[in-house]
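# Coordinates in review
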Amino acid sequence: RIYRPSMKTVVFILVILKGSEVVEEAEIGSNQDCSWHASLINEKGTGSPYSAYCKPKLKTIVDRNG
């Protein structure tokens, strides 16, 4: 078996909060998409108790050909 070093990529996690409590996290592929979703949740004037932010995360890419 040939050794293949693991590769990593950056994904973005959309973190949804209610007050200061994390209620959900979802993996979103790109920073642009994550920021768009966060901006919808963070829209001012809605009276929603929810807020959101994006955080980067390193993810290992699994080589299924090895």
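Coordinates for the structure precede this section.
Quick caveat, the model's predicted, so the values are computed rather than measured.

Let us look at the state of the cysteines. Scanning the model with the defined rule gives one disulfide in all. Covalently, C34 is tied to C54 through a disulfide, its sulfur atoms 2.1 Å apart. Disulfide C34 to C54: torsion about the S-S bond roughly -110°, handedness left-handed. A residue pair is termed long-range when its members are at least 10 positions apart, and C34 in helix α1 (residues 31–41) and C54 in strand β3 (residues 50–61) qualify at 20 residues. Judged by its relative accessible area of 0%, C34 is buried. Taking the relative accessible area as the measure of exposure, C54 reaches 23% and is therefore partly exposed.

One finds F12, L14, I16, I28, C34, A38 and A52 forming the largest nonpolar core, which totals seven residues. Of all the secondary structure elements, the ones that give two or more residues to this core are β1 (7–18) and α1. In terms of residues, this core owes the most to one element, β1, which gives three residues.

In total, this model carries two salt bridges according to the counting rule given. Between E25 and K55 there is a salt bridge, with its nearest N and O atoms 3.6 Å apart. Within this pair, whereas E25 is found in strand β2 (residues 21–28), its partner K55 is found in strand β3, the two being separated by 30 residues in sequence. Under the relative-accessibility criterion, E25 is labelled partly exposed at 43%. For K55, a relative accessible area of 32% translates into the label partly exposed. Here K59 and E27 are joined by a salt bridge, their closest N and O atoms 3.0 Å apart. In this pair, K59 is assigned in strand β3 and E27 in strand β2, connecting sequence segments 32 residues apart.

Basis of the calculations
Residues numbered from 1 in each chain as written. Predicted model: local features only at pLDDT ≥ 70, side-chain atom pairs only at ≥ 80, totals over all residues. Heavy atoms only, no water. Disulfide = S-S within 2.5 Å. Helix = DSSP H or I, 4+ residues; strand = E, 2+ residues; numbered from the N terminus. Buried < 20%, exposed > 50% of the residue type's maximum accessible area, 1.4 Å probe, protein only. Core = buried A, V, L, I, M, F, W, Y, C linked by side-chain atoms within 4.5 Å. Salt bridge = Lys/Arg side-chain N within 4 Å of Asp/Glu carboxyl O.

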